[in-house]
Amino acid sequence: MNDKEALKARVCAEIDRRSDEIVAISDHVMRNPETGYREVKTAAFVADHFARLGLPYRDKLALTGVKARMAGTAPGPTVALMGELDSLVSVNHPYADPVTGAAHCCGHNAMIGSMLGAAFGLRPVMEQLAGDVVLFAVPAEEGIELEYRMELRERGEIEFIQGKPELIRLGEFDDVDIAMITHTTDDAQPWLANPGSSTIGALKKLVVFRGRAAHAGGWPWEGVNALKAATLAMTGMDFQRETFRDDDNVRIHWNLTKGGEAVSAVPDDVRLDVMVRANRVEAMLDASAKVDRALRAGALALGAEVDITTMSGVLPMQIDSNLRELVRRNQEAFLGADRVGPPGHSTAGTDVGDLGHIMPVCQPLATGVTSAPHTEFYHVTDHVKAAVNPAKFMAMTVVDLLYDRAAEARRVIAEAAPSKITKDEYLAIRRAQDTHEVFDGGLRG
Ligand SMILES: [Zn+2]
Ligand SMILES: [Zn+2]
């Protein structure tokens, strides 16, 4: 065993020694879920662990983010290990908060466990590494509770509705060169871990159709039916589907969040939440423009008005191939080659994709959960698989990157550089997606 492999073995032994603590962290967060930009207790819990490790940290970053740094012996690149703080909402989930309905049905609790677990393993060996490790608990990955986040935006507390874009804007990734985070995935596959899948991008729209109320039996001709305008728009959105290229994985989905008030009145205020997803930013913008056209068409046909607020959500994610290979080798080293799955492509999205536009990123996957992410049926059942194993393969990958004067980290950064954009270029892409349009199809004369 060479020195680097011996160091990895030492890191893994330390993680094994503290395995019960890591399990307890993941379990505690699972039982105390909080949704995005509200993760106050979870952030304090993480900060307490940083303090116990003797690590200086900064908190309240993008409202609830907490960031600590462990320095190596010599200057060099900085690798961030991240964990998402936020939960979803699922009132029937077995670990749902009885008051708020918040529930960890995306397994983010395990990410806090794996991030802190990797810190436990790396803390005693930092003097043998060059460069730094940033430990970063990040807020608001899930794109939910849009109206709350819009309020935060209007109050000037955030610009972006999701955590990593906001942290990028605030400069909290300016001192990071490489980022890694392990997500859970469902247990339907035979493998225990996977070095990571690319994911697709998404943007969101809050849509309000305004019409004119009237007695639906007595004088319907006096009204302008906003529900019928919305119905036509929904059909128009569906009719776009065959205009999308198969390999762009375009997805358009929506909820009718308000369909009217009294059934005996012509509906004059009808609302939709719309989500547009695609593999490429250009395909996402193309689909978004077609959705807007369909929305206007509905308003125009009925003589209604449509108000469209578009919010950038997440950008498509490309996993760094060098990082992925390092992760895969480390997964195989202690799980066995037959228990490591192939990289794939997911038509879900994450704001890790945003970070991937400006630096090399990797989001490996781990099992240890029940099936059907984002539903009441999904929660971590095996915290060793979901949190302890990822703590090991992420920490081992950090050793690969920062050992030998961080030669491997420097190679990863240099080889990724041609495909990366600057922070300002990234912010320009995001901001171009944040638009507001009011289209009058005849309501105002
Ligand atoms: Zn999720
Ligand atoms: Zn998630």
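Preceding this paragraph is the structure being described.
Residues numbered from 1 in each chain as written. Chains lettered and ligands numbered in written order. Predicted model: local features only at pLDDT ≥ 70, side-chain atom pairs only at ≥ 80, totals over all residues. Heavy atoms only, no water.

A.B. asks: Tell me what's going on with the nonpolar core, and back it up with residues and numbers.
C.D. replies: Ranked by size, the top nonpolar core spans 128 residues in total, and within it L81, L122, L135, F173, F209 and L295 carry the most contacts. The biggest single contributor to this core is helix 11 (residues 383-416), with 14 residues. Here this core spans two domains, and each of domain 1 (3-199 + 317-428) and domain 2 (201-314) adds at least three residues to it. Not counting the four nearest positions on each side in its chain, F173 is found in contact with M82, F136, V138, K164, L167, I168, L355 and M359. By size, the runner-up hydrophobic cluster in this structure holds five residues, among which are L146, M150, I161 and M311. (Core = buried A, V, L, I, M, F, W, Y, C linked by side-chain atoms within 4.5 Å. Buried < 20%, exposed > 50% of the residue type's maximum accessible area, 1.4 Å probe, protein only. Helix = DSSP H or I, 4+ residues; strand = E, 2+ residues; numbered from the N terminus. Domains from an automatic or database assignment. Contact = heavy atoms within 4.5 Å.)

A.B. asks: Provide a residue-level description of the coordination of the zinc ion (ligand 2), including the pertinent values.
C.D. replies: Taken together, the protein ligands of the zinc ion (ligand 2) are C106 (SG), H108 (NE2) and H183 (NE2), with distances of 2.0 to 2.3 Å. Mapped onto the polypeptide sequence, the residues donating to the zinc ion (ligand 2) form the spacing pattern C-x1-H-x74-H. Judged by its relative accessible area of 1%, H108 is buried. Given the relative accessible area of 13%, H183 is considered buried. (Donors = N, O, S within 2.8 Å, 3.2 Å for Na, K, Ca; no water.)

A.B. asks: Let's hear about the pattern of salt bridges: which residues, and what values?
C.D. replies: In the structure shown here, the tally under the stated rule is 43 salt bridges. Among the salt bridges present, the one from D16 reaches K392, with a minimum N-O distance of 2.8 Å. Of the two residues, D16 sits in helix 1 (residues 3-17) while K392 sits in helix 11, which places them 376 residues apart along the sequence. The exposure class of D16 is partly exposed, given its relative accessible area of 40%. Look at K392 and you get buried, because its relative accessible area is 10%. D248 is the salt-bridge partner of R280, the closest N and O atoms lying 2.9 Å from each other. On the criterion of sequence distance, the pair formed by R280 in the loop between strand 13 (269-278) and helix 8 (281-302) and D248 in the loop between helix 7 (226-238) and strand 12 (251-258) is long-range, its members being 32 residues apart. The class of R280 is partly exposed, set by a relative accessible area of 35%. (Salt bridge = Lys/Arg side-chain N within 4 Å of Asp/Glu carboxyl O.)

A.B. asks: Tell me about the side chain of E39, and please be specific about residues and values.
C.D. replies: Here E39 shows up in the loop between helix 2 (19-30) and helix 3 (40-52). Within the local environment of E39, its side chain forms a polar contact with the backbone nitrogen of A140, the two atoms lying 2.9 Å apart. (Polar contact = N/O pair within 3.5 Å; in protein donor to acceptor, adjacent residues only side chain to side chain.)

A.B. asks: Explain the coordination of the zinc ion (ligand 1) to me, and be specific about the residues and the numbers.
C.D. replies: Listed as protein donors to the zinc ion (ligand 1) are C106 (SG), E142 (OE) and H374 (NE2); their distances from the metal cover 2.0 to 2.3 Å. One chain supplies every donor for the zinc ion (ligand 1), spaced along it as C-x35-E-x231-H. Between the two metals, the zinc ion (ligand 1) and the zinc ion (ligand 2), the spacing is 3.0 Å, and C106 donates to both. Pair noted here: C106 is in the loop between strand 5 (102-103) and helix 4 (108-122) and E142 is in the loop between strand 6 (130-138) and helix 5 (146-154), with a separation of 36 residues, a long-range link. Pair check on accessibility: C106 and E142 agree, each one buried.

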